[in-house]
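# Structural overview
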Amino acid sequence: MRNRSNSGVRLDYYQRLLNKTILKFQNPVTGLLPSSEENSHAWVRDNVYAILSVWALALAYRKTADLDEDRAKAYELEQSVVKLMRGLLRCMMSQVEKLEKFKHTQHVNDCLHAKYCSKTGKTVVGDQAWGHLQIDATSLFILSLAQMTASGLQIIFTLDEVSFVQNLIFYIETAYRTPDYGIWERGDKTNHGLPELNSSSIGMAKAALEAINELDLFGARGGPLSVVHVLPDEAQQCQAILLSMLPRESNSKEIDAALLTVISFPAFAVDDLEKVEETRETIVSKLEGKYGFCRFLRDGYKTAREDPNRLHYEPWELQVFERIECQWPMFFAFFVLDGLFNGKEEQVKKYSEKLESVMLKTDEGINMIPELYTVQKEKVEQEYRNPNSQKRDPIGKLPHRWGQSLYIMSKLVQEGFLSPGELDPLNRRLVSEPKPDIVVQVVILAEDDYIQGKLLEHDIKVQTMEEVRPLQVFPARVLTQIYSLLGKNKKLGLTGRPKNEIGLLATSKLYTFHDQILAFIPQMADEHQFYLPKDTHLKLDMFANDVGSLSSYWSSLGRPLLIFPVSSNLNSLDVGHNPPGALIGTIRKLQSGYIAGTRVHLGNLADFVTTSCITKLSFLRDPSHGEEVKNMIGDIFNRAPEARPRLLSSTRIKMRPRSHSKSSVHGIVRRSRSIQVDPAQAKERSSSQSYWFNYSEEGYSEDETLQESLSRKFERGVTVDHEQENGVPIPPRSQDVEFPIQRPSSPSLHLKGSLHPLTYSHQSPCSSSSPQLFHFFHQGATKQENAINVNELVEQLNNSEVLHEQADIIHYLYLHKGPDWEITIDGKKCCIKELLVELYEKAGHWKHWGLVRHTAGLLKKRVEELALAATDLLVRQKQLSVGLPPDRERVIMRPLPPDDLARIIFDACGEDLSTASLTQELLIYLAMFIRTEPKLFNEMLRLRVGLIIQVMASELARTLKCSGDEASDHLLNLSPFEMKTLLHHILSGKEFIISTGTLIRPSHEVGRSKWSTDLDSDEHTNVEDECRLSVSTKKVGEEATEFAKLSRKPHAKMQKSIPRHIDPTDLEKEDDQESDRQGQWLRRRRLDGALNRVPVGFYPRVWKVLKMCHGLVIEGQHLPHSLTREMTPGEFKFALHVEMVLNKIPQPEYRQLMVEALMVLTLMTENDNNKLSFPTLIHVDKIVQAANAIYLKDQEIPSDVVEHAKGAAGICLHFYDTAPSGRFGTMSYLCRALATILPIPVDKDANVDCAIS
């Protein structure tokens, strides 16, 4: 043991230092620390950081106490800590109604305040008068509360306070999708009051959630009710988003010194050592100075050039703060602590010396840390010219209590009074330690004996739901219901956890309640919410992804447990009532012990009880919940699923003649769609494709527009004839024979009838390119529908056995009579919504995905992980837009609550409910890809889902050589798994082929190359053949995404390949491979343009171009030079601004040529050695047009061919289809055009004297 007298003297010195710099300002009533003697405002964050040193000194006294006097000092300091922490708790509890509201809205005006009055504990400014939403401050309070409680302090006294802290967890658990004002209270660095998603807030929230999980707030004296609970998925999501953002702080701040608090003390939130080191090095290289660290680049706070009369900055003003940002000495203390925790002696020595050099001594010889150092006004110009050359003066608070506290803690550890671990009793510092390999436990459960027997035929032994008793298995939504009681407190008006979906990590645990053990099926296997799990192939694919996710993110004690149910009503059996091959193959992989590179253990549920993670649902014992808990638990454990009558199903054996008359609302479902392959094709189709309607009976003159003709036909009552396909009559169907439903041989939902894809057009009223059709469908169709006899429709619905007919009628009744309108079907009263639900279930059972998507849209179904998926994309520097461009496109720039996001999607899609469902579906797939294959999204800033849908349809049209309307119909009828596969091929740029086959519904082998043609099953004898599609890779080869590297063949003889006269009939006879090769660059540009893909480093390069000219003009949109004064090259906001201008161009291939032209400009600036400067605006679109003109002149293409081959924006299609590189590449022509438009030095032969090409 060290010398008692020496240690006592040093500790007494630090006690005096604390008393003179911190504790003497503590209010005796509230326990809070005011900002200064003149300002009574007490900030939550500053108070917590300041009191940490008092807590550290108390630990030091407790550790070395040999005398009662030392123990008394330790107790005195501990009570000062308790006083302040309880003071902050009291202030926040006084705003309990705001806490309750914020849980549901995440709105800036509903948050807890960031500062309170140190004298009264009341608020000091209004809700909108300050940037109060600071999740990092609340998270720091929770983290410190957990650490202090773990060290032995008791700060929480009552169960009501426990409930409040539990709700504080709900307050911060959405940090990964909640923009706030951040650690510096300013949000966007222009200080205009715009909140941002901040890495420092997310990291602190993640640390707080992990630290306080399963912690007893009463310490050793507590019981089950004083334990707080955190669902692991929230912390894991914070971690995933944090790792994707680092080292970036936010959209406007590419780096921030505050990130040091996340990667090191006090949060230790990052477990990736490489990411920690990268962030640390970025902070040092960009922000370190002689007197401290800048908070972030272009920080104008208290600089000589800041206007003290206003809080906000003008956008152009930010550049004047560059290189003269104030430097904060407290970050030297942070780096000292970082070195101490990581055992880096050189770092500790370096920053300790720097810290000592910038500290100020009072007359009493006390070392104090000033708030910051600034450059005096008269020295600003010298500092601009030579950064870090001028002497700076200390200003602001003295001492800066936050920094002073960190300094004292670092000295206590340096002098050996405390070890780093004593400041971290919860071992947060060990978060980056290597973890053992995770073995995922998998349980396959059959719904009943019949499914069990079918699996046994393949030598697969599984248990049924009944056989696992006394263990009970429930869907994930039941766990959501149970956790809704967590934190509920009637006295405080707290309603508990919002009913958000439960994630994978939570359902991979076992739970105990009294003497019962509960297990839960993961959300992905629950089809009650959304239709994705109805597709067996997709469900198996998501299951494999979930196994991989568990192996990566599991951090709890014990092994994760994943339950996969196999049930007949979940479409797990094929036509012959056998398990599909994909299911058998997956189970075989599980039996081998590995799947997708992850170790698994397949077994029975009872075998895993001792090795799984088990959580006690102790909060259900709270007596204050009373009868509510009793009733809810009783319902969960005792209720049996209710059998809903099948109103649309027929179970009579007798034959009934079918009606072949057309419904007066026939085709209304298809007319609600809005997917259009190419807006430019609308005009061509309207004049050339007559198969939309049967014109053999009634034609229209050449002078009459198609819209007029259609309107005339509808006014006269002419309906679409679906019994002809391209003029060829379809043979009539035979009468249906109905059979009683039998459990082993017939699905649970039975419907006979046509599933044949209709061939008429479904041009949508929502289509932006055809306002006449929009008017027609809302006016002409309305006239017809007003004359519709509803009673006749109901009678037709009673008699109809065709799914399409039922869908049309129910769709009409739903829209015009409402979901609660009652009708009678087969003598049974029901409402329209019940019929719609049954139609949804039937369409899902028969795998009619087009109707599934449409009915899901009518029912306003929202995918469970919608908000999570959107957030995954947004926080990875991707913006989202939904709806078909340009008129209905809605941009999503920040994470939103699930209901708000769904509302935007349905609003953007208008009446096209199929696209609304498909949009949600694609967002889920995009989020899956960005988590597993982030390289697919390289250099893509905005994901325009509506445009992606159009591109997918156009790729189907190109591959199948069909019309756009047929392609959109094929697209909507793809299974979810095939839709995901097609999207992956679109994103990766790989060539693919579409396999087609004739399928007898229902078939579950969606991806097979051989199609079922079994006609022996009596349920299917009257079902029409339907074309099903399967997506597969065409070839595997190098697929570069940067257009300048894609050229594989020289294009020097382009002019020889173009004939002087092109006959369209000859073009149709060309070989498929030749046509694919000729169109590959046009297709590539369309794909890259639709996906908004740009070359690596594109946006910083554009910033440099903007720096050398007065501005860029792109199709009338102006990028001013002033943007360079407002934003830095690596700032995300600048990239968004450029992207916004480029997105004004509707044609993707033309947009991509603009990108190429900008790349030529960037190459010129990088190779000009700062010789060029343009005092004018550069019109980028003129460069492209000039390049096209030079190309046409060089190729000597005849004028009639030029006119015939004119593409988007008047650019020749052959120019679009030219490779970028090479002597005759588009880049070469753009360079030549640049030389003719801009004053660039050229030789006598008009050759450009530069190194671009």
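On a predicted model such as this, the values are computed, not experimentally measured, just so you know.

### Brief notes about the overall build of the protein chain
A tally of regular secondary structure across the protein chain gives 45 helices and 29 strands. Within the span of the protein chain, comprising 1253 residues, buried residues form 60% of the whole. In the protein chain, once contacts between residues fewer than 6 apart in sequence are set aside, the share between residues at least 24 apart is 75%. Surface accessibility of the protein chain: about 50,100 Å² in total, with carbon and sulfur atoms responsible for 50%.

### What to know about the packing of helix H2 (residues 44-64) against helix H3 (residues 68-93)
The interhelical angle for the contact between H2 and H3, taken along N-to-C directions, is 160°, at an axis separation of 8 Å. Overall, the two elements H2 and H3 adopt an arrangement that is roughly antiparallel. Taken as a pair, H2 and H3 cross one another with a handedness that is left-handed. Across the interface between the two elements, Val 44, Asn 47, Val 48, Ile 51, Val 54, Trp 55, Leu 57, Ala 58, Tyr 61 and Arg 62 from H2 touch Asp 70, Lys 73, Ala 74, Leu 77, Glu 78, Ser 80, Val 81, Leu 84, Met 85 and Leu 88 from H3.

### So, the sheet that holds strand S12 (residues 510-513)
Pairing is mixed in the open sheet, where four strands are placed in the order S9-S13-S12-S17. Each edge of the sheet is formed by a strand with only one pairing partner; in this case those strands are strand S9 (472-475) and strand S17 (614-616). Recorded for the sheet is a direction-independent mean angle of 35° between the axes of neighbouring strands. The sheet strands contacting helix H16 (residues 476-483) are S9, S12, strand S13 (516-521) and S17, and the helix crosses S9 at an angle near 90°.

### Brief notes about the environment of Arg 931
Mapped onto the secondary structure, Arg 931 falls in helix H31 (residues 913-932). Measuring from C-alpha to C-alpha, the distance between Arg 931 and Ile 241 comes to 9.9 Å, with 690 residues separating the pair along the chain. Residue contacts for Arg 931: discarding those within four places in its chain leaves Asp 872 and Arg 876.

### A word on the pairing of strand S14 (residues 561-566)
Burial runs high along S14: six of the six residues are buried. Burial along S14 is two-sided: Leu 561, Ile 563 and Pro 565 and Leu 562, Phe 564 and Val 566, pointing in opposite directions, are all buried. Where strand S7 (residues 440-446) and S14 come together, six bridges link them in parallel fashion. Paired with Ile 444 across the bridge in S14 is Phe 564.

### Here we look at the sheet that holds strand S28 (residues 1117-1120)
Pairing within the open sheet is mixed, and its three strands lie in the order S28-S27-S29. The open sheet is flanked by S28 and strand S29 (1174-1179), the only strands paired with a single partner. Mean inter-strand twist for the sheet, computed between neighbouring axes without regard to direction, equals 15°. Judged from the four bridges that link them, strand S27 (residues 1109-1114) and S28 form a sheet pairing that is antiparallel.

### Brief notes about helix H6 (residues 159-172)
Here H6 contains 14 residues, and its C-alpha end-to-end distance of 20 Å stays within 8% of the 20 Å for a straight helix at 1.5 Å per residue. Across the 14 residues that make up H6, a large majority, 12, are buried. In the core, the buried residues of H6 are packed alongside H3, helix H4 (96-105), helix H5 (135-150), helix H7 (199-212), strand S10 (488-489) and strand S11 (494-495).

### Thoughts on helix H14 (residues 401-414)
Because an α-helix packs 3.6 residues into every turn, residues spaced three or four apart end up facing the same way. Compared with the 20 Å implied by 1.5 Å per residue over 14 residues, the 20 Å span of H14 between its first and last C-alpha is a close match. Counting buried positions along H14 gives 13 out of 14 residues, so the element sits mostly inside the fold. Looking at the residues trailing H14, positive phi occurs at Gly 416, about 85°.

### Observations regarding the packing of aromatic side chains
Scanning the model with the defined rule gives 30 aromatic pairs in all. Judged by centre distance (6.5 Å) and plane angle (70°), the rings of Phe 293 and Phe 331 are edge-to-face. Taken together, the positions of Phe 293 in the loop between helix H10 (273-287) and helix H11 (330-342) and Phe 331 in helix H11 put the pair 38 residues apart, joining distant regions of the chain. By relative accessible area, Phe 293 is classed as buried at 0%. A relative accessible area of 2% places Phe 331 in the buried class. Each residue in the set Tyr 49, Trp 184, Phe 293, Tyr 301, Trp 328, Phe 331, Phe 332, Phe 334, Phe 335, Tyr 351 and Trp 402 is aromatic and connected to the rest through ring pairs, giving one cluster.

### Points about the pattern of salt bridges
One pass over the structure, following the stated rule, counts 50 salt bridges. In this structure, Lys 189 engages Glu 1131 in a salt bridge whose closest nitrogen and oxygen atoms are separated by 3.0 Å. Of this pair, Lys 189 sits in the loop between H6 and H7 while Glu 1131 sits in the loop between helix H39 (1123-1126) and helix H40 (1132-1142), placing them 942 residues apart in sequence. Taking relative accessible area as the criterion, Lys 189 reaches 3% and is therefore assigned buried. On the basis of relative accessibility, which here comes to 3%, the residue Glu 1131 falls in the buried class. Across the salt bridge formed by Lys 980 and Asp 541, the nearest N and O atoms sit 2.7 Å from each other. With a gap of 439 residues between them, Lys 980 in helix H34 (residues 976-988) and Asp 541 in helix H18 (residues 536-553) connect regions that are remote in the sequence. With respect to class, Lys 980 is no different from Asp 541; both count as buried. Here the residues in one salt-bridge network are Glu 277, Arg 280, Asp 338 and Lys 344, joined through shared partners.

### Thoughts on unusual backbone geometry
With an omega dihedral of 5°, the bond running from Leu 246 to Pro 247 counts as a cis peptide bond. Residue Pro 470 is bonded to the preceding Arg 469 through a cis peptide linkage, with omega at 15°. Relative to the helices and strands, Pro 470 is located in the loop between strand S8 (463-464) and S9. Residues other than glycine seldom take positive phi values, yet Lys 961 does so here, at roughly 55°. Along the polypeptide, Lys 961 turns up in the loop between helix H32 (945-960) and helix H33 (964-972).

### Topic: the pairing of strand S21 (residues 828-831)
As judged from the four bridges shared by strand S20 (residues 822-825) and S21, these two strands associate in the antiparallel manner. Each residue of the ladder has a partner; that of Ile 823, found in S21, is Cys 830. Hairpin geometry of S20 and S21 is characterised by an intervening segment of two residues between the two adjacent antiparallel strands and by a positive phi of about 55° at Asp 826.

### Remarks on the state of the cysteines
If you walk through the whole model with that rule in mind, you get zero disulfides. Note on Cys 117: no disulfide assigned, nearest cysteine sulfur contributed by Cys 91 at a separation of 8.7 Å. Taking the relative accessible area as the measure of exposure, Cys 117 reaches 12% and is therefore buried.

### As for the packing of H4 against H6
Between H4 and H6, whose axes approach to 9 Å, the crossing angle comes to 40°. Relative to H6, the element H4 lies oblique. Where H4 crosses over H6, the two elements pack in a sense that is left-handed. Note on element contacts: H6 touches H4 through Phe 164, Asn 167, Leu 168, Phe 170 and Tyr 171, opposite Val 96, Leu 99, Glu 100, Phe 102 and Lys 103.

### A few points about the environment of Ala 114
Take Ala 114: it is sitting in the loop between H4 and strand S2 (115-117). For the pair Ala 114 and Ala 137, spaced 23 residues apart in sequence, the C-alpha to C-alpha distance is 7.5 Å. Discounting residues that sit within four places of it in the chain, Ala 114 has contacts with Ala 42, Trp 43, Val 44, His 132, Gln 134 and Glu 185.

### Examining the side chain of Asn 47
Mapped onto the elements of the fold, Asn 47 is located in helix H2. The exposure class of Asn 47 is buried, given its relative accessible area of 2%. The contact partners of Asn 47, leaving out residues within four places of it in the chain, are Leu 32, Leu 33, Ala 42, Leu 84 and Leu 88.

### Side note on the confidence of the model for the protein chain
The predicted model of the protein chain averages 79 in pLDDT, with 78% of residues at 70 or higher. Of the regions scoring below 50 in pLDDT, residues 649-661 engages in 25 contacts with residues more than four places distant in sequence or in other chains. In this model residues 998-1027 is a low-confidence stretch, pLDDT under 50, and it forms 92 contacts with partners more than four residues away in sequence or in other chains.

What counts, and at which threshold
- Residues numbered from 1 in each chain as written.
- Predicted model: local features only at pLDDT ≥ 70, side-chain atom pairs only at ≥ 80, totals over all residues.
- Heavy atoms only, no water.
- Helix = DSSP H or I, 4+ residues; strand = E, 2+ residues; numbered from the N terminus.
- Buried < 20%, exposed > 50% of the residue type's maximum accessible area, 1.4 Å probe, protein only.
- Contact = heavy atoms within 4.5 Å.
- Areas by Shrake-Rupley, 256 points an atom, 1.4 Å probe, with all protein chains shown as cover.
- Axes fitted to C-alpha atoms, helices over the stretch in contact; angles between N-to-C directions.
- Parallel < 35°, antiparallel > 145°, perpendicular 65-115°, else oblique.
- Left-handed = near helix turned anticlockwise from the far one by under 90°.
- Pairing = 2+ DSSP bridges.
- Expected span 1.5 Å × (residues − 1).
- Phe/Tyr/Trp six-rings, centres within 6.5 Å; stacked < 30°, edge-to-face > 60°.
- Salt bridge = Lys/Arg side-chain N within 4 Å of Asp/Glu carboxyl O.
- Disulfide = S-S within 2.5 Å.
- pLDDT = per-residue confidence, 0-100.

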